[in-house]
Every structure is written in C-alpha cells, then in structure tokens.
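# Structural features, examined
Read off the chains here:
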Amino acid sequence: MIADIRYAIRMLAKSPAFTFIAVLTLALAIGANTAIFSVVNAVLLRPLPYPHSEQLVQVFGTQPTLPEAPTSPANFLEWRTENQVFTHTATYVGQGFNLTGTDKPERVIGLRVSGDLFQLLGVQPTLGRDFTAEEDREGGNRVVILSYEFWQHRFAGDPNVIRQTITLSDQTYTIVGVMPRGFAFPSPRAQVWTPIAFNAAERATRDTNFIDVVARLKPGVSLEQAQANMTSVAQSQTQRYPQTNVGIGIKVASLQEHLVGDIRPMLVVLLGAVAFVLLIACANVANLLLARATARSREMAIRGALGASRSRVVRLLLTESVLLAIVGGALGLLLAIWSLDLLVSLKPANLPRLAEINVNRTVFLFTAALSVLTGVLFGLAPAWQVSKSDLNESLKEGGRGGSDAPRRQRMRALLVISEVALSLVLLIGAGLMMRSFSRLLAVDPGFKTDHVLTAFVSLPVAKYPKREEQVAFFDRLLERLRNVPGVSATGLVSDIPLYGGSSTGFDVDGRPAALPGQRAMTDYRMINSDYFAAMGMRIVKGRAFSAHDSQDAPGVVIINETLAARYFAGENPIGQRLNLSGSPKDLREIVGVVADVRNYGLDAEVKPEVYVPFLQSAPGYLAGMTSALTVVVRSTIDPTALGQTLPEQVQALDKDQPVSAIRTMEWYLADSMAQRRFNMLLLAVFAGLALVLAAVGIYGVIAYTVTQRTHEMGIRIALGARGGDILRLVFSNAMVTTVTGIVIGLGAAFGLTRLLQSLLYQVTATDPFVFVTIPLLLLAVATVATYFPARRAMKVDPITALREP
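Cut-off values and rules
Residues numbered from 1 in each chain as written. Predicted model: local features only at pLDDT ≥ 70, side-chain atom pairs only at ≥ 80, totals over all residues. Heavy atoms only, no water. Buried < 20%, exposed > 50% of the residue type's maximum accessible area, 1.4 Å probe, protein only. Helix = DSSP H or I, 4+ residues; strand = E, 2+ residues; numbered from the N terminus. Pairing = 2+ DSSP bridges. Salt bridge = Lys/Arg side-chain N within 4 Å of Asp/Glu carboxyl O. Axes fitted to C-alpha atoms, helices over the stretch in contact; angles between N-to-C directions. Parallel < 35°, antiparallel > 145°, perpendicular 65-115°, else oblique. Left-handed = near helix turned anticlockwise from the far one by under 90°. Nonpolar A, V, L, I, M, F, W, Y, C, P; charged D, E, K, R; others polar.

A few words on the pairing of strand S7 (residues 165-168). Of the two faces of S7, only one is covered, namely that formed by Ile166 and Leu168; the face formed by Thr165 and Thr167 stays uncovered. Alignment of strand S3 (residues 86-100) against S7, held across 2 bridges, turns out to be antiparallel. Bridge pairing in S7 links Leu99 to Leu168. Taking the residues between adjacent antiparallel strands as the criterion, S7 and strand S8 (residues 171-178) are bridged by 2 residues, where Ser169 takes a positive phi near 50°.

Quick look at the structure:
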C-alpha cells in the first residue's frame, strides 16, 4: 500500500492540470457537504447541551385554535403537583428590563423563571450560586443571575460581581450568579434571569395564559406516557373549572424538537442538494479518470502482461482516486470553515443553536469518511473498466498511441447523463424557491414600509405606576417628535406588524356567549389615533380613532377585513359591538374596518384582529399595555437620519429611559423574509455550482470525443463533408446525451420537488413555468458547452488528420 501511495503521488504530480481540476472540483463539493453537515449536526443531531437532554420536554397548553400555547400560573401549579411523569417542572416568561444607574441606560432582555429552572436543566452558575426556594416567593425575588456574555459586556468579567447590585426597571437587584459561557436558555438573547415569584393574583389566574413550561421526564418514562398522563390532568382540570378550562388541553413535546421547529425540512433539503452536487462532482472526476485511463492503457496492459491481477490493477487505480479525494477533502474542510463564518454572519432567521455551529470532531470524521467514500465512488467505475480490458487489444491500442474503447465511451455518456439529470433536479428546486420568493415579494403587507422608523420604549412601572403617567409621557414624546423637521406623522402600537401579537377571546353582542375556552379568538393591538396614518394603512369602512375616543368616552374598536368577513358576512359591522374581556362592562362599538395587515409574516394567513384606542383602558387583556409601546415615525426624509434624534427626544423627557430596537419598517420586512431568502440563496448557490459542473462535464466529454475522432473527422472532410455536416454530427451526439439526461431529470424532479411543497408560497411543486424554462436553460448551457469543441472539429485540417496514426 505504501508503494502504491508513493506511485500515486508521482503519477498525480506528473499531471498537474488534471490533479488541480480534480482536487478543486472535489474540494468544492466536499466543502459544501461539510458546511451543511456542520449545520445539520449542530441543529438536528447533536443533543442539547444539558445532562440527559433527551428527558427534557416542553409542555404546552392547547386551545381549539392554538395547538401550542402558553398556559396560566394556576394551571401550571396544578400540573406541577398532579403529574406522575416529571421529576421537575419549571416555567419562564420573557421580561425586558431597563438597566439604569450606568453611563448610558440600556434595554436588557431578561426572563422571570422558576427558582429550580437551572436545577431542572442540570446547569449551575459558573460564578456564584443558583436561586433559593425563598427567593422564588413574593417579596424575596430581588436577585438576578447574569449571562456570561452580559457579565463580560457590562462588568468586564469582574470576578467580584457577586453581591453587587444593579438597577433594573427602577428596582434594585442583587447579583447572585453568572451562568457558564454559551448558556442560552431559552434563546441566546437572554441576558438576565430573575425568580418568577408569582404574587397572589397571578397564582389565582387561570384565564390569562402567558407562561411557558419546561419539564424533565422521570427515568424510563416515554414521551407517549407523559402525554397520556398530562391529558388526564387536563381532563380533570376541565371538569373542575368549566368556566375557564373548557377546550383547554396539554401537549408534551421533546424540547429539542420544539427548538428545531420548522427548520428540519429545509435542512434535509439542503443536505440532499449538496449530496447531489457531490454526485455530480464524482461523475466529473470519473470522466477525467476515464480519459486518463485511455492514455494509460499501454501501462496497464504491460502490468497485466507481467502478471498483475485484475484486483491489483483496481487497487492501484483506487489508491490514486482516494488520494485525490483526501486532498480534495482537506481543501474542502478549509472551505467549509470559511463558509461557516459566512453562514453564521448571515444570521438566518429561526435557525436555532446558531452559536453551536462549528467544525468539531464529528464534522472532521464526517469529512474524512466522505472523502474516502467519494474516492471509491468516482474511482471504482474507471478502475473496473480499465482492469477488464483485453490484454492484446490494449497493447495494440497503446502501440497506436491510445484510443478509446466503445465501453468507455458509453460509460462517459452515462456519467454525463447522470450529471445533467442531477443538475436539472437542483435547478428546478432552486427555480421553485426563486419563484416562490418573487411571489412573496409581491404580497401587500397592508402598510407602507418606506420612510418609517420605529423604536421600542418601555416605561418602568416602579417609576410610572399610574396609567395616567404613562399616557402623559407618550403624549409629550409624540408632541416633541411632531416638531422635529422631516417628521410627517407619529404613532404608537403595542405590537409591531409582521411579528405576531397578543390574542384574546371575544363575543359579538346580541349573539349567544360562548364559554371561555370556546370563545372566538382575535388578535388585538393598542394604538393611538395617528397610528394608521404613520403606517400608511387604509380605512376601508367607517372611521379611524380620534382624540374624542378618550378614557371617559364609550368604548370603541376598529376591526380588520378578515374579522369583518368571517363574523359579519352580509352585514354592516359598523355599529356592532364586541365583548373582548368577558366583562359586561367591556362592550366596544365597531367604528371602522381597516385593511388586513400581514402580522405573522407575508406568507402567513391573516387572523381576525381588533385595534383598541390607546386612551381607553380595559380589564384583563389590556392590563399594563400602556407602559411598553413601539413608537412609529413617518418621515419625509431618510428615516435612518432620525435614528439619533428619537432617543434624544426620549431622554430629554427622562434621562434614564433607554430606547431599543431602533429600526425601519423596511428592515422588519426584510428580516421577516430572511429565512426564505437564506433557503433560496443556498439552494441557488448549490444549483449554480451543479450547473457549472454539468457544463464542464459536457464540454470535457465532447472535447475529448472530438480529439479522439480527429482522424475520422479528417476522412469525412476529405470525402466532401462540409463544416455544417461536422457541426451537426458533434451536436447530435451531445444533444442526445443532454436530452436523455433532461428527460430522466424531469422524472426525478417531478417526484422529489414535492418535498419542497411546505417551503413554497403560492407555487406548486410542479409549477409548469419552472418545469419548462429550467430544461430550456440547461439545454442552452449544453449548447454553449458543445459549440467550442464542435467549432474546433469543423476546422480540422484533413491532411494533418490523415497523417495521424
């Protein structure tokens, strides 16, 4: 074997052009496979970074219209005591804080969590300690644990940070711990954790669902057993609390599956795409090896004449091909490391565990195994073809300088056909994704995204305890912003479009009221009277809110077109009344209908929605919503020019008030499509690479065929064949091969692209436009790749050609 390796190195060194092309082709293909496998390994295959992570589950509440929903504190506390399948249950809820008392106020992303959450996960602070049971009770929860990254950012990694205090939302918290580097539960955005410490009102709340639940299964308990037990708990709660729990169920899901979410189908598609690229690269290199084998036929014949067995020849040739693949794999690994940095920098939306994506031992072993397998895959067919050559015939061919046996021509044609077919499948997949993305870009979001700047402002309740103080602050802020040059309209909204919203049940006045768990559901947003103007939204019926819709005025709402069509079909909704909170005092008259807004993304179904005036409070669903709002500014100038002005106006009113998420609506729109753009871009890159490899393969085979048939071409020209005749001869051979590959590829694409259906928007997996244009594109590329060798064949000098042996 050592002798074979040394000989392979010498032979490859003698053919630098061949070696360079083969290694580069393999490096691109293996590098692409390594990069995508790194993502798949981190996201799908690698266990979560917690001890016995397979035991961790997410526990959801379910409602008739929501298969996965948060739950209420009262329900959670009963889940904790009544289940028979969990060793621990814990809850958490997002809680933003204003960090003050420093040079610059800052908005901090935090969570209120059960005191035993970190114990449940099996992770302890790297500095300091965990929460105690006493700290997870009302009045004792003014303690905080920092993320490692936040500790480094705000405290420069000070080891004496424990027992220091910080001011969060105008309340003093004592630092008791720092989590390990990389800890990111439930997301990398989390910076601080405080005990949830339910107060008496929260502990009694059963009809307000706002907390998420995670649990650890007892050893030996399966997911199915846990689901059965929690279903029994839900049924028991329904019987005991029919006013709040009718229609409320419980769902148990693997925590890892929950975090992966909807990303699995796309990662599987991308893994399949790069596998196709690798197969195309293998076909290309196999064709190169077949051509090289023809030139080495005399060498192999001499080896056979001297007694070398067929297996010995195959082993020698496979050593060369595997060596090529290993060098290509090493270069591909370097390309993968570089491309991973690029992938991470793109920050694709909804891609979980992004920080865990790297080239580790598993990825290295994958690349090594893939390289060896690739070397065998593309080297076996050429080696087998050469090894079964007829000894006498090979010596004769070798004596004439080498010619191509018909079986090798057929093998090369089959390899090109496979390249064309695989390329066509990838190109059609990319074409479908591009067509889907173009359809998405054409969707009307329901508002005008240009010249709009937004910023999030959350007033600390400890500093602004009364609703009237909160309203007054935002009124003063909007008044200041209206006087800024370039500002044409200002608005306030509780939830920015494109990123979901809050929901509540509702009844139509005059119709039979449903039980709480069976009420119709609607999203809701609190807005001021100028919000629609600032966002460029259309009132299609009735009127917008005005300053007269104040706290003392009768309750009013504006509904969207979807709610009007679904619940007031054939009726005029203006003047009808809705009950949103369930309280008889919370009847609100519909005064307008606004055009639908795509609040869950351009590709998501529009849900029923109501808009409530900022100046009107109500129980339950509107509690506390006036303290945290997004400010919307429409300008006549570039909105980014106001990026500094807006926080200055806020801090002119309160120097300790931070402003966060200062972004344009165009940014939000682009971000909402980031996942689809990322998917489309990667698939398009792989399809483009496949197309280039296929074109090179077609060119190489035709060019080699023309070279082998130079003598024949000379005879044809000498006998009177014209240039057009030679051109048709070369093109006919190439087009038969290409069209055969296209036909096979269309059949494969018709079946395989159905896997993309869930990733497409308003495009079928068998879209006629794509299935017609992509084959034509591939045919055009094949024509260009064939033209240059065909043109050279036309210019063959018959005298020179006939002199050749």
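Pairing between side chains of opposite charge can happen when the charged atoms of each approach one another. Following the criterion strictly, the structure yields 22 salt bridges and no others. The closest approach of N and O atoms between Arg435 and Asp767, which form a salt bridge, is 2.9 Å. Taken together, the residues Arg435 in helix H15 (residues 406-441) and Asp767 in the loop between helix H23 (723-752) and helix H24 (768-794) connect sequence positions 332 residues apart. One salt bridge connects Asp530 with Arg482, and the closest N-O pair in it is separated by 3.7 Å. Note that Asp530 is positioned in the loop between strand S15 (520-527) and helix H17 (531-535) and Arg482 in helix H16 (residues 467-482), a separation of 48 residues in sequence. Judged by its relative accessible area of 28%, Asp530 is partly exposed. Each member of the salt-bridge network shares a partner with another, and the members are Glu78, Glu82, Arg206 and Arg240.

A word on unusual backbone geometry. At the junction of Phe185 and Pro186, the peptide bond is cis and its omega measures out at 0° in the coordinates. Relative to the assigned elements, Pro186 resides in the loop between S8 and strand S9 (192-195). Its identity is not glycine, yet Ala197 carries a phi of approximately 40°, on the positive side. Among the structural elements, Ala197 can be located in the loop between S9 and helix H6 (200-203). Given the relative accessible area of 6%, Ala197 is considered buried. Not every positive phi belongs to a glycine, and His451 is a case in point at roughly 60°. Structurally, the position occupied by His451 is in the loop between H15 and strand S12 (452-458). Judged by relative accessible area, His451 falls into the partly exposed class, the value being 33%.

Time to look at the packing of H23 against H24. One can describe the packing of H23 onto H24 by two numbers: an axis separation of 9 Å at closest approach and a directional angle of 155°. The orientation of H23 relative to H24 falls into the category roughly antiparallel. Helix-helix and strand crossings are classified by hand; for H23 and H24 the assignment is right-handed. Considering only residue class, the contact of H23 with H24 consists of 20 nonpolar, 4 polar and no charged.

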